[in-house]
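Listed below are the residues making up each chain.
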Amino acid sequence: ELKVEQNPLFLSMQEGKNYTIYCNYSTTSDRLYWYRQDPGKSLESLFVLLSNGAVKQEGRLMASLDTKARLSTLHITAAVHDLSATYFCAVDIDDKIIFGKGTRLHILP
Amino acid sequence: EADIYQTPRYLVIGTGKKITLECSQTMGHDKMYWYQQDPGMELHLIHYSYGVNSTEKGDLSSESTVSRIRTEHFPLTLESARPSHTSQYLCASRSDEAYKYNEQFFGPGTRLTVL
């Protein structure tokens, strides 16, 4: 059974600090996704990672993928309040896309 | 911006009613998905489809049913709504083209309340 585990589940941090969210999964996968969700809203796609060693960056967010370790990270650099949201990773196994529980990120001004 | 639509956006209905949540996409995507999400919680895959006349159950047992008669349309039906069905329902789609990123796009969601 595929399991997707994120940690931490809750994170409160100061503006200007760096932090990393981890996503572990239990089965070999073709693709890994990162999404952002604001309260009461739908999901916004941030990154799609396809291959081992893939790294993508958008603004203060950077995602990486290690398929051998079955691990992806979402790194936040010099956090700002606007990044407060819930971040989900999701793994594609034979066209089923399974989500982690999400990391609720709160950035204090 | 993704062209995937859900109606209604909000629905309050009494126990025992039959309801259909609509999902349509104009991107020609073969793969479509329904997820159930309680506020602030994880998404659970309840149904997915590879294409026309293909439907599969997801990992979360659900009393709902789906159909895929047209590529662009993937409605979800509850024959008899109950309070335990109260949740947000998110529809998503993605392309099936090889060697593409195959990004999954989400609709705005339907927030269902069953009294």
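Residues numbered from 1 in each chain as written. Chains lettered and ligands numbered in written order. Predicted model: local features only at pLDDT ≥ 70, side-chain atom pairs only at ≥ 80, totals over all residues. Heavy atoms only, no water.

### Looking at the pattern of salt bridges
Applying the stated rule across the entire model yields 7 salt bridges over all chains. Across the pair aspartate 92 of chain A and arginine 94 of chain B runs a salt bridge, and its minimum N-O distance is 2.7 Å. Of this pair, aspartate 92 of chain A sits in strand E9 (residues 85–93) while arginine 94 of chain B sits in strand E9 (residues 87–94), on two different chains. By relative accessible area, which is 2% here, aspartate 92 of chain A ends up buried. You can call arginine 94 of chain B buried: its relative accessible area is 0%. Here lysine 101 of chain A ties to glutamate 42 of chain B by a salt bridge, and the two come within 2.9 Å at their closest N and O atoms. (Salt bridge = Lys/Arg side-chain N within 4 Å of Asp/Glu carboxyl O. Helix = DSSP H or I, 4+ residues; strand = E, 2+ residues; numbered from the N terminus. Buried < 20%, exposed > 50% of the residue type's maximum accessible area, 1.4 Å probe, protein only.)

### A short note on the interface of chain A and chain B
In this complex, chain A contributes 23 residues to the contact, which on the side of chain B involves 24 residues. Summed over both sides, the interface between chain A and chain B buries roughly 2,000 Å², with carbon and sulfur atoms accounting for 47% of that surface. Three residues stand out in chain A for area buried against chain B, namely Asp95, Lys96 and Phe99 of chain A, and they jointly supply 26% of the buried area on that side. Seen at the junction of chain A and chain B, the total is 2 salt bridges. (Contact = heavy atoms within 4.5 Å. Buried area = accessible area lost by both parts, 1.4 Å probe.)

### Topic: the side chain of serine 93 of chain B
Residue and element names in this part refer to chain B. The residue serine 93 is located in strand E9 in this model. Among the polar contacts listed, one links the side chain of serine 93 to the side chain of histidine 29, at a separation of 2.8 Å. The contacts of serine 93, once residues within four sequence positions are left out, are Ile4, Gln25, Met27, His29, Lys31, Met32, Tyr33, Glu103, Gln104 and Phe105. (Polar contact = N/O pair within 3.5 Å; in protein donor to acceptor, adjacent residues only side chain to side chain.)

### Structural notes on the side chain of glutamine 36 of chain B
Residue and element names in this part refer to chain B. Here glutamine 36 lies in strand E4 (residues 31–37). Residue class for glutamine 36 comes out buried when judged on its relative accessible area of 14%. Sequence-distant contacts of glutamine 36, defined by excluding residues within four places in its chain, comprise Glu42, Leu43, His44, Ile46, Leu60, Ser87, Gln88 and Tyr89.

### What to know about the nonpolar core
Within the largest apolar cluster, 43 residues are counted, with the highest numbers of intra-cluster contacts made by Leu32, Trp34 and Phe99 of chain A together with Tyr35 and Phe106 of chain B. For this core, the element with the highest residue contribution is E9 of chain A, accounting for 7 residues. Beyond its immediate sequence surroundings of up to four residues, tyrosine 35 of chain B is in contact with Ile97 and Phe99 of chain A together with Leu43, His44, Leu45, Ile46, Gln88, Tyr89, Leu90, Ala92, Gln104 and Phe106 of chain B. Among the nonpolar cores identified, the runner-up in size contains 17 residues, and Ile46, Val66, Phe74 and Cys91 of chain B belong to it. (Core = buried A, V, L, I, M, F, W, Y, C linked by side-chain atoms within 4.5 Å.)

### Topic: the pairing of E9 of chain B
Residues and elements named next belong to chain B. E9 sits mainly inside the fold: 8 of its 8 residues count as buried. Of the two faces of E9, the one carrying Ser87, Tyr89, Cys91 and Ser93 and the one carrying Gln88, Leu90, Ala92 and Arg94 are both buried. Inspection of the sheet shows E4 paired to E9 by 7 bridges, in the antiparallel sense. In the sheet register, tyrosine 35 faces E9, and the bridge partner there is leucine 90. (Pairing = 2+ DSSP bridges.)

### A few points about the sheet that holds strand E3 (residues 19–25) of chain B
Residues and elements named next belong to chain B. In spatial order, the strands read E1-E3-E8-E7; together these 4 strands make up an open sheet with antiparallel pairing. The strands lining the two open edges of the sheet, one partner per strand, are strand E1 (4–7) and strand E7 (65–66). Of the strand pairs in this sheet, E1 and E3 are connected by 4 bridges, and their pairing is antiparallel. By the bridge assignment, glutamine 6 is partnered in E3 with cysteine 23.

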